[in-house]
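Analysis of the macromolecular model
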Amino acid sequence: MIDVKERPKMVERAMLVTIWSRRDDSPGEHESRGLLEELVSLVGTLGIPVIEQMLVRVPAPQPKYLVGTGKAEEILAVIKDSRIDCLIFDNALSPAQQRNWETLSGVCVIDRQEVIIDIFARRARTREARLQVELAQLEYSLPRLKRAWTHLDRQAGGIGGRGEGERQIETDRRLVRKHIDKLKAEIAHVRSTRATQRKSRERLPLPNAAIVGYTNAGKSSLLKRFTGADVLIEDKLFATLDTTTRKILLPSGQPLLLTDTVGFIRNLPHDLVDAFKATLEEAVLADFLIHVVDASHPLALEFFNTTNEVLASLGADTKRILVALNKIDRIDTPGRFEVLRHQFPGAVFVSVHERTGLPDLERAMGDMLADRIVSGSFLLPPDRHDLLALLHRHGKVFESAYRDDGIFLRATFPPKLLAILEPFRAPMGAHP
Ligand SMILES: Nc1nc2c(ncn2[C@@H]2O[C@H](COP(=O)(O)OP(=O)(O)OP(=O)(O)O)[C@@H](O)[C@H]2O)c(=O)[nH]1
Ligand SMILES: [Mg+2]
């Protein structure tokens, strides 16, 4: 990949800045403080030491530096005094603002979007995830290519004529665009393989649910608890970037495919959402969603809303959603439960760690599938072992008995099998 800019190999002293204003359309002080705290965790996830943090209020965002010149001077003074080598904004910077700040401060300047893309880049393991992150990186860097070449511009210095730097940028843009096209083609290829895999899965009439939610809510922990799947669980943001699907059996015997998905966060870069659409499609295609919320977090409701917004942008907001309020082991004020019950009517309270509420959650999952299960008693002709095998594979056989007139059984199964089985329904009152 083309190096967009020279970034220090190791950032050792970062300063984080969140800017807010009292304008109606911008987040207030409380939310901005929360965003700043979250940025501290995000930057920490990259292993970058945070030396200074600053919450800055402005009357209105300014075009050149987001803040006015007075505040910019203040920030500069801190950069100097604390020997900061990287300035990280929570607010999205336009390519021009980023350049302005780099010129003004002489240190590397990045924003939340870039931090998140970097985390994704470090965590991507599978080919698909790597391709998707690379695409997001390139899309993000395309309008920012100019930064790397300003020094060449200065060297050429010609007045009026196009400098060496500018020509170089044009060449680079073309190269980057070409590379973007290539990546898109590769992703499309991986995607078509996925579609084929999904089709083969769909041939099995198994219902499926996707576990969605804010990052660090406990999605992977839930999948692991239910299925024993060996998925990565970490007290870090964006532990999961790839989807994992496992089959579970609900207490009714109904099989269900459960898929763990990538977590969401406030101000998730659009480039990333676009790039990860293929992966997130799992959520769109599921029969229903299990939305896991970290109920012990003071901003639980806000995180819930953010997740719903991202789901809406993926077209998955019309799905039926089961809300699981997780980590209740960490709630020690009884009043909090009251608030949560009010904020999330119908939600199931669970602690994946302490296994509380999991049977309730399983029951609720079963209810979600009520229209997907049929149960009944059947008398199969003695030679139709194939139907019995089919039922064992896709449903649950509670009772079966070999009799002179055939195989008698009671079972639950997906409605798709009904047409095949209907002719063999056992007469009322029949029993093994
Ligand atoms: N106290 C407590 N911690 C939990 C519970 N469930 C999960 N955790 C912890 O929360 C952290 C995040 O868990 P994960 O399962 O990785 O969360 P995730 O939603 O998959 O996160 P991402 O993949 O980053 O989006 C881990 O440190 C878990 O051990 C719970 O019920 N109680
Ligand atoms: Mg996870």
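You'll find the structure just up there.
Described in the following lines is the structure provided in the data block. (Residues numbered from 1 in each chain as written. Chains lettered and ligands numbered in written order. Predicted model: local features only at pLDDT ≥ 70, side-chain atom pairs only at ≥ 80, totals over all residues.)

Along its length, the chain carries 15 helices and 13 strands. The burial tally for the chain puts 34% of its 432 residues in the buried class. Once local pairs closer than 6 in sequence are excluded, the contacts in the chain between residues at least 24 apart make up 67%. (Helix = DSSP H or I, 4+ residues; strand = E, 2+ residues; numbered from the N terminus. Buried ≥ 20, exposed ≤ 12 C-beta atoms within 10 Å, placed from the backbone. Contact = placed C-beta atoms within 7 Å.)

Here we take up the packing of helix H1 (residues 29-45) against helix H4 (residues 112-123). Packed helix pairs are characterised by how far apart their axes lie and by the angle those axes make with each other. Where H1 contacts H4, the axes come no closer than 9 Å and their chain directions differ by 40°. Between H1 and H4, the crossing angle belongs to the class labelled oblique. Crossing of H1 over H4 shows left-handed handedness. For the pair H1 and H4, the contacting residues are Leu39, Leu42, Val43 and Thr45 in the first and Arg112, Val115, Ile116 and Ile119 in the second. Here the contact of H1 with H4 is built from residues that sort into six nonpolar, one polar and one charged. (Axes fitted to C-alpha atoms, helices over the stretch in contact; angles between N-to-C directions. Parallel < 35°, antiparallel > 145°, perpendicular 65-115°, else oblique. Left-handed = near helix turned anticlockwise from the far one by under 90°. Nonpolar A, V, L, I, M, F, W, Y, C, P; charged D, E, K, R; others polar.)

Let us now look at the site of ligand 1. Looking at ligand 1, there are 23 residues lining it, with Gly218, Ser220, Asp235, Thr240 and Gly263 nearest. The leading source of residues in the shell around ligand 1 is helix H8 (residues 219-227), at three residues. Here the residues of the shell around ligand 1 are counted per class, giving six nonpolar, eleven polar and six charged. (Near = placed C-beta within 6 Å.)

Moving on, we get to the pairing of strand E4 (residues 108-111). The alternating pattern of E4 places Cys108 and Ile110 and Val109 and Asp111 on opposite faces, both of which are buried. Note: strand E3 (residues 86-89) against E4, four bridges, orientation parallel. Paired with cysteine 86 across the strands is cysteine 108, a residue of E4. Running through helix H3 (residues 95-105), the crossover from E3 to the neighbouring parallel element E4 is right-handed. (Pairing = 2+ DSSP bridges. Right-handed = clockwise from strand over helix to strand, strands pointing away.)

As summarised here, the arrangement of the six strands in space is E6-E7-E5-E8-E9-E10, forming an open sheet in which the pairing is mixed. Because the sheet does not close on itself, it has two edges, and the strands there are strand E6 (244-249) and strand E10 (348-349). Here strand E5 (residues 208-213) runs beside strand E7 (residues 255-260); their pairing, made up of four bridges, is parallel. Note that in E7 the partner of alanine 210 across the bridge is threonine 259. Taken strand by strand, helix H11 (residues 300-313) contacts E5 and strand E8 (288-294), and its axis lies near 150° from that of E8. Relative to the sheet, helix H13 (residues 358-368) contacts E5, E7, E8, strand E9 (320-326) and E10, its axis offset from that of E9 by approximately 175°.

Turning our attention to the sheet that holds strand E13 (residues 406-413). If you trace the three strands from one edge of the open sheet to the other, you get E11-E13-E12, paired in antiparallel fashion. Lying at the two open borders of the sheet, with one neighbouring strand each, are strand E11 (374-380) and strand E12 (396-403). Across the sheet, the mean angle separating the axes of adjacent strands is 10° when strand polarity is ignored. Packing against the sheet, helix H14 (residues 385-394) makes contact with E11, E12 and E13, and its axis sits at approximately 25° to E13.

Axis separation between H4 and helix H5 (residues 127-141) bottoms out at 9 Å; the angle between their running directions is 155°. The angle between H4 and H5 places the two elements in the roughly antiparallel class. Considering the relative orientation of H4 and H5, their crossing is left-handed. Along its contact with H4, which presents Gln113, Glu114, Ile117, Phe120 and Ala121, the element H5 presents Val133, Ala136, Gln137 and Tyr140. The class makeup of the residues in the contact of H4 with H5 is six nonpolar, two polar and one charged.

Once that is clear, we can look at the nonpolar core. Grouped together as the largest cluster of nonpolar side chains are 89 residues, with contacts concentrated most on Leu87, Ile88, Ile116, Val293, Ala324 and Leu325. Beyond its immediate stretch of four places on either side in the chain, isoleucine 88 contacts Ala14, Leu16, Leu39, Val43, Ile110 and Val115. One finds Phe378, Leu380, Leu391 and Leu409 within the second-largest nonpolar core, a separate group that totals seven residues. (Core = buried A, V, L, I, M, F, W, Y, C linked by C-beta atoms within 7 Å.)

Here we take up H4. When the terminal C-alpha atoms of H4 are compared, their 17 Å separation across twelve residues agrees well with the 16 Å that a helix rising 1.5 Å per residue should span. H4 sits mainly inside the fold: nine of its twelve residues count as buried. Those residues of H4 that are buried are in contact with H1, E3, E4, H5 and helix H9 (270-275). (Expected span 1.5 Å × (residues − 1).)

A few words now on the pairing of E8. Residues in a regular strand project their side chains so that they alternate between the two faces of the sheet. Most of E8 sits inside the fold, with six of its seven residues counted as buried. Both E5 and E8 contribute to a ladder of five bridges, which runs parallel. Each bridged residue has a counterpart across the sheet, and for isoleucine 211 the counterpart in E8 is isoleucine 290. Sheet analysis places E8 next to E9, joined by seven bridges and oriented parallel. By the bridge assignment for E9, phenylalanine 288 is matched with arginine 320. This β-α-β element, E8 to H11 to E9, shows right-handed connectivity.

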